[in-house]
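# Secondary and tertiary structure notes
Here's the letter readout for the chains.
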Protein chains: 2
Amino acid sequence: MPEYSFNDLPAHVWPQTATRDDDGVVHIGGVALTELAARYGTPLFVVDEADFRARCRAMAAAFHGAANVHYASKAFLTRTIARWVKEEGLSLDVASGNELAVALRAGFPAARITAHGNNKSTQFLRTCVEEKVGHVVLDNHGELAALADIAAEAGVRQPVMVRVKPGVEAHTNEMIATAHEDQKFGFSLADGAAWNAVTAVVDSPHLELVGLHCHIGSQIFDAGGFNLAAARVLELYGRVHDELDVRLPELDLGGGYGIAYTADQQPLDVEALAREMLEAVREHAEDAGIEAPTVLVEPGRAIVGPSTVTVYTVGFNKTISTSETDTRRYVAVDGGMSDNIRPALYGAQYDARLVNRRAAGKLTATRVVGSHCESGDILISDEDYPDDLTTGDLLAVANTGAYGYAMASNYNLFTRPAVVTVCDGEVTTMLRRETVDDLLSLEDGEF
Amino acid sequence: MPEYSFNDLPAHVWPQTATRDDDGVVHIGGVALTELAARYGTPLFVVDEADFRARCRAMAAAFHGAANVHYASKAFLTRTIARWVKEEGLSLDVASGNELAVALRAGFPAARITAHGNNKSTQFLRTCVEEKVGHVVLDNHGELAALADIAAEAGVRQPVMVRVKPGVEAHTNEMIATAHEDQKFGFSLADGAAWNAVTAVVDSPHLELVGLHCHIGSQIFDAGGFNLAAARVLELYGRVHDELDVRLPELDLGGGYGIAYTADQQPLDVEALAREMLEAVREHAEDAGIEAPTVLVEPGRAIVGPSTVTVYTVGFNKTISTSETDTRRYVAVDGGMSDNIRPALYGAQYDARLVNRRAAGKLTATRVVGSHCESGDILISDEDYPDDLTTGDLLAVANTGAYGYAMASNYNLFTRPAVVTVCDGEVTTMLRRETVDDLLSLEDGEF
C-alpha cells in the first residue's frame, strides 16, 4: 500500500514556515490558516514574509551581491513588497509607468531601478530620466530616439542597456537554439539589429551604454540556456570592445528561474545554477578577450511565487460519470480563474492541500474547480485527492505569489481577495478585500 | 490586383453605426473616435448604444418576446448595461452574488432575473429568496438542499430550473454528441443524475420546478446542437409529465450564439436560427406527448460583443527577421492582455482597423502586440496590415464588448481603461479610467 502523503506539506513546494499542528491545522509564519480564514474570509492570499526574504538572500548570495539581483515587479508589486525588496538590498525591475510610480511612492531608490517594456510611454521614459532611474533597457529604435531626446532636453546622460535576442528559448529543461526569434522584445543578434542599436547608443551623447540584456524564457531549471545566451551576447561585447573601444561593465541575463509548483518537480538549486552561469560568463568573456562583466539577474516568480498560498473554502461537490465505468469527483472552491488565471491561460499545475484538518478519505480522481460561469474555470485539473474533502473545508493552493494577484480580474464581478502577510505570529493586511462599492466607484453618474 | 479593403469597416463585424468620414476618421454613434481618444485617452472602450439595443430587439423578436431573452451578465455588466437591458424588456442572467447585487442596485426587477453558478454561496442563495429572484438554476444536490432550507425558513416556494447535461458540446460549426460530459455544470441525463434531481425538487415543498436548463457551448452558428439538446431534454419533460404528472412550462436552451470576430466569418442569422430551434422544440415536444414549453435563451456575447470597440494608440514598431528570407512587422499598442485576455486565453482572433485616417501603405505581414512584459501579449497574431501604421495612429479592435472589460486585470499595474457610450452624437462615461490611486486604495497602512 502506498504511503498516504496528502497530509504532507512538501518543503520544496510549500512556504518555508508552513507546518501542520497536532490538530491537523496548517500554520504559516506562526499563524493558523483557520484563524486567517475566519478573520479575513476566503479566498485569501497569505504571504510568508520570512520565505520571501530568505529567497531574496539566497539569490543575493548566489549572484555575489544583493544589488545584482533585480526583483521583477510584474510577478507581484505592492508598496509592502517594494519595501521588503529595498530592505533586502535588492534592485528592482519595473515594466510600466505604473510599476515605476508605485515603486517610487514606496520610497524605492531610483538608482536601483531598471525600466523594461517593449512600448514605454513618453511619460514613463520622462519619469525615468527625471527620477534618475538606474537603467533603462532599450527595446527598439523609436524608443532609443525618444529617450535620447528626453535626456538631451534634461541635459543628462541616461544609463541604458540594449535588449538583444540571443536566439535561445528555454522552458523548464528544454532549450531551443535558433537564429531568429519571432517575438516582440529586443534587437536580434543574428540579423545585425543588435549591433545597429549598440552603435546608435554609443553615438548618442545623451545615452550611456552600460551593458546588454537578454531574457530567454520562464520556468528554467538548467544553466544550459543561460550559458549559450551568455556566449552569444559576450561575442558582441568583444566586438563592442574591439571596434568601438567601449567596455560594457554589466550583463543582464534576465529572469526565468523555475520553481516547483508540484511535489514531483525538482526545486531549483539557485546556488549551483548561479555558480555555473558565473563561471560560463568568465570563460566566454575570456574567449572574447574582455574583462568579465558583472552579471545581473531578474527573478520575480522565484522570489515571490513560493512565499504565498491561496486559501479557499470548499463549497459543493459532485461525482460525475466520465464513461460507462469511470467517475471523477468535482470539488468547487469559492474563487477560481478571477484570482488565478494561470491554469486556464498556461495549463499551469498546482499543489493543493487540506489545511483545516488532516484528511483521511480514500484517494479519488478529483478536479478542483472555481465558482465562475465557465467550464474552463479549473484550478487543479486531475489529481487524486481524499474523498472526504467536503463543504466548509479549507483547501490551500501553494505557489500563488507570482502572477496570481498580479493577473487577477473581476470576472463575474468577483471582488479581488485580501492579501495578508504573516511573520513570527504577526498578521498584517497588505491589501484589503475589494468590495462591490469599489467596483461601482468607477461608474459615472447617478443610479 | 486585389482590392484594397483595409479601410473598410465590414458591417457584420463593426458596430452598426460605424462609418468612416471623408477625412478617413471613423465615427461611432455619431462621434469621431479621434475626439474620444483626445478627450478620454487610450486604451478606450467605446460602446455603441444603438447597436446594443438593436441586438436586444432582434433577439426579442426572434424568440417571440423580450422576456424570453436573458442577457448574460458575465459578458459585461455595469448599472448602465442593466438599465439598457431592463428598458428593452429583456430578462437578466447573473452568475454570482455580486452580479446579482449590481443588477439589484441598478433597479433591475428581481422577477426577471435568473441565478446561475456551480457553487453559489449561501449569501447569494439567501438574496435570491429574499429578493424573489425569478429563477434559480440548480446545479448540484448540495445547493438544492441549501436552497430548500433557505426557502423553508423564509416560508416561500422558490421557482427553480434544474441544469442538465444533455451530452452535446457545440463550438462554431462543430458539434460533439456524447453521453458523458466531463465538466463541472449540471446533472447528467445519461447516468440518471438529472432524473434524481428533478424528483428531489418535485418532492420539496419549498421548491417549484418550472423547467430544465442546458448550455451546450459558445460561438455556435448552427441550430443542430441546440436541436439535439432539446430533443434529449424534452424526452425528460415527457417522463416528468408521464411519471410525476408535472408540466414544466419553460425550457432554457442557454447561450452560445456566435458573432463574427473577423471579416471572413459569417454573421449569425438569429432569426433563422431561432425559427429552426423553436420548430424543433415544437416537434420534439409533440414526440414526447407534451405541450411545447416556452423557450428561453441566454445571449451575452451576441448582444454586447459587437457593440464595442477598443481604441488604442500605436506606439513603437519594428520589423523582425523570422527566417533568412522572411520578416514580420510588429506594431505595439498602449494596451494588451490586461484589457483583452482572450487572444492569450483562447487564441481568439479580432479585426483591427486604422480609425484616425485612411491607410495607404503596402499590406505587410504584421503582428499587433500589447505593452505588457510578456511575449504572449499579442492582440492580432498574424494579419496583413498596411506598413504605414505608425506611432500616434489610432487602431481600433472590434467586438471587444464581451469578456473584454469583464475579464480585465491590472497586470503590470495597468489601470483599466475608461468605457464610454455613444449615441446620436452624445457621449456618456460609463466607467471612468482607473488610476494608480485606485490601485493603492486597497493597500492597508501608512507608506
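Residues numbered from 1 in each chain as written. Chains lettered and ligands numbered in written order. Predicted model: local features only at pLDDT ≥ 70, side-chain atom pairs only at ≥ 80, totals over all residues. Heavy atoms only, no water.

As recorded by an unreviewed UniProt entry, chain A carries the name Diaminopimelate decarboxylase and is attributed to Corynebacterium yudongzhengii. Per its UniProt entry, chain A bears the Pathway (unreviewed entry) comment "Amino-acid biosynthesis; L-lysine biosynthesis via DAP pathway; L-lysine from DL-2,6-diaminopimelate: step 1/1." UniProt, in its Catalytic activity (unreviewed entry) section for chain A, records the words "meso-2,6-diaminopimelate + H(+) = L-lysine + CO2". (UniProt positions renumbered as here; feature names shortened; annotations may be inferred.)

## A few points about the overall build of chain A
In terms of regular secondary structure, chain A is built from twelve helices and 24 strands. If one aligns the C-alpha atoms of chain A with their principal axes, the spans along those axes are about 70 × 60 × 45 Å. Evaluated residue by residue, chain A yields a buried proportion of 64% over its 447 residues. Once local pairs closer than 6 in sequence are excluded, the contacts in chain A between residues at least 24 apart make up 70%. When the accessible surface of chain A is split by element, carbon and sulfur atoms take 47% of a total near 15700 Å². Within chain A, the 64 negative side-chain charges are centred at a point lying 3 Å from the centre of the 36 positive side-chain charges. (Helix = DSSP H or I, 4+ residues; strand = E, 2+ residues; numbered from the N terminus. Buried < 20%, exposed > 50% of the residue type's maximum accessible area, 1.4 Å probe, protein only. Contact = heavy atoms within 4.5 Å. Areas by Shrake-Rupley, 256 points an atom, 1.4 Å probe, with all protein chains shown as cover. Lys, Arg positive; Asp, Glu negative; His and termini not counted. Charge placed at Lys NZ, Arg CZ, Asp CG, Glu CD.)

## Regarding the interface of chain B and chain A
Tallying the contact residues gives 82 residues for chain B and 82 residues for chain A. Summed over both sides, the interface between chain B and chain A buries roughly 7300 Å², with carbon and sulfur atoms accounting for 54% of that surface. When the area that chain B buries against chain A is broken down by residue, the three leading residues are B:Lys184, B:Phe316 and B:Leu442, summing to 11%. Between the two partners, chain B and chain A, sit twelve salt bridges. Here B:Asp182 and A:Arg328 are joined by a salt bridge, their closest N and O atoms 2.8 Å apart. Seen at the junction of chain B and chain A, the total is 54 residue pairs in polar contact (both at pLDDT 80 or more). Ranked by residues supplied to the side of chain B that touches chain A, first place goes to strand 17 (residues 308-321) of chain B with five residues. Tallied by class, residues from the side of chain B that touches chain A come to 31 nonpolar, 25 polar and 26 charged. (Buried area = accessible area lost by both parts, 1.4 Å probe. Salt bridge = Lys/Arg side-chain N within 4 Å of Asp/Glu carboxyl O. Polar contact = N/O pair within 3.5 Å; in protein donor to acceptor, adjacent residues only side chain to side chain. Nonpolar A, V, L, I, M, F, W, Y, C, P; charged D, E, K, R; others polar.)

## Quick notes on the sheet that holds strand 1 (residues 19-20) of chain B
Residues and elements named next belong to chain B. Here we have three strands laid out as an open sheet, ordered 1-2-3, and antiparallel in their pairing. Looking at strand neighbours, the two that pair on one side only are strand 1 and strand 3 (31-32), the edges of this open sheet. Pairing geometry for strand 1 and strand 2 (residues 26-28), over two bridges, is antiparallel. Counted as the bridge partner of Thr19 is His27 from strand 2. (Pairing = 2+ DSSP bridges.)

## Regarding the packing of aromatic side chains
Residues and elements named next belong to chain A. Following the criterion strictly, the structure yields 18 aromatic pairs over all chains and no others. Here Tyr261 and Tyr350 contribute two aromatic rings whose centre-to-centre distance is 5.2 Å and whose plane-to-plane angle is 80°, an arrangement assigned as edge-to-face. A residue pair is termed long-range when its members are at least 10 positions apart, and Tyr261 in the loop between strand 15 (250-252) and helix 9 (270-287) and Tyr350 in the loop between helix 11 (342-346) and strand 19 (352-354) qualify at 89 residues. On the basis of relative accessible area, Tyr261 is assigned to the buried category, the value being 4%. (Phe/Tyr/Trp six-rings, centres within 6.5 Å; stacked < 30°, edge-to-face > 60°.)

## What to know about the sheet that holds strand 11 (residues 174-177) of chain A
All names here are of chain A. A sheet is described by the order of its strands in space; here three strands give the open sequence 11-10-14, paired in mixed fashion. The open sheet has two edge strands, strand 11 and strand 14 (217-220), and neither has a second partner. Direction aside, the axes of adjacent strands within the sheet are offset by 25° on average. As paired elements, strand 10 (residues 168-172) and strand 14 share three bridges and run parallel to each other. Of the residues in strand 14, the one forming a bridge with His171 is Ser218. On the sheet, helix 8 (residues 224-244) packs against strand 10, strand 11 and strand 14 and is oriented at approximately 25° with respect to strand 11. (Axes fitted to C-alpha atoms, helices over the stretch in contact; angles between N-to-C directions.)

## Side note on the domain arrangement of chain A
Interface size is commonly expressed as the accessible surface area that is lost when the partners come together. Residues and elements named next belong to chain A. Partitioning chain A into domains gives domain 1 (19-48 + 306-440) and domain 2 (49-304). A C-alpha centroid distance of 33 Å is found between domain 1 and domain 2. At the interface, 22 residues of domain 1 touch 21 residues of domain 2. When the two sides are added together, the surface that domain 1 and domain 2 hide from each other amounts to roughly 1800 Å², 60% of it contributed by carbon and sulfur. Among the residues of domain 1 in contact with domain 2, Pro306, Tyr403 and Met430 are the three that bury the most area, contributing 31% of the side total. On inspection of domain 1 and its partner domain 2, the count reaches ten residue pairs in polar contact (both at pLDDT 80 or more). Those elements that place two or more of their residues in the side of domain 1 that touches domain 2 are strand 4 (44-48), strand 23 (418-423) and strand 24 (426-431). Split into classes, the residues belonging to the side of domain 1 that touches domain 2 amount to twelve nonpolar, six polar and four charged. (Domains from an automatic or database assignment.)

## Digging into the pattern of salt bridges
By the definition in use, this model includes 48 salt bridges over all chains. Taking the shortest distance from any N to any O, the salt bridge between B:Lys318 and A:Asp139 comes out at 2.8 Å. Of this pair, B:Lys318 sits in strand 17 while A:Asp139 sits in the loop between strand 8 (135-138) and helix 6 (141-154), which puts the two residues in different chains. Assigned by exposure class, B:Lys318 and A:Asp139 land together as buried. In this structure, B:Arg432 and B:Asp438 form a salt bridge, with 2.8 Å as the shortest nitrogen-oxygen distance. The class of B:Arg432 is partly exposed, set by a relative accessible area of 28%. Through salt bridges with shared partners, a single ionic network connects A:Glu49, A:Arg53, A:Arg57, A:Arg83, A:Glu87 and A:Glu88.

## Notes on the state of the cysteines
Evaluation of the coordinates by the stated rule reveals zero disulfides over all chains. Free of any disulfide, A:Cys128 has its nearest neighbouring cysteine sulfur in B:Cys373, separated by 13 Å. Take A:Cys128: its relative accessible area is 0%, and that puts it in the buried class. (Disulfide = S-S within 2.5 Å.)

## Let's talk about the UniProt feature "active site" (unreviewed entry) in chain A
Mapped onto the present numbering, the UniProt feature "active site" (unreviewed entry) falls on A:Cys373. Relative to the helices and strands, A:Cys373 is located in the loop between strand 20 (363-369) and strand 21 (378-386). Excluding anything up to four places from it in sequence, A:Cys373 contacts A:Tyr411, A:Asn412, B:Lys74, B:Ala95 and B:Phe185.

## What about helix 1 (residues 33-40) of chain B?
Note that an α-helix has 3.6 residues per turn; residues three or four places apart therefore point the same way. All names here are of chain B. When helix 1 is considered as a whole, its buried residues turn out to be Leu33, Leu36, Ala37 and Tyr40. Looking down the long axis of helix 1, one finds its buried residues gathered within 100° of arc, a one-sided arrangement. Structural note: helix 1 exposes Ala38 and Arg39 on the side pointing more than 90 degrees away from its buried face. Positive phi appears at Gly41, one or two residues downstream of helix 1, with a value of about 75°. (Arc of directions from axis to C-beta.)

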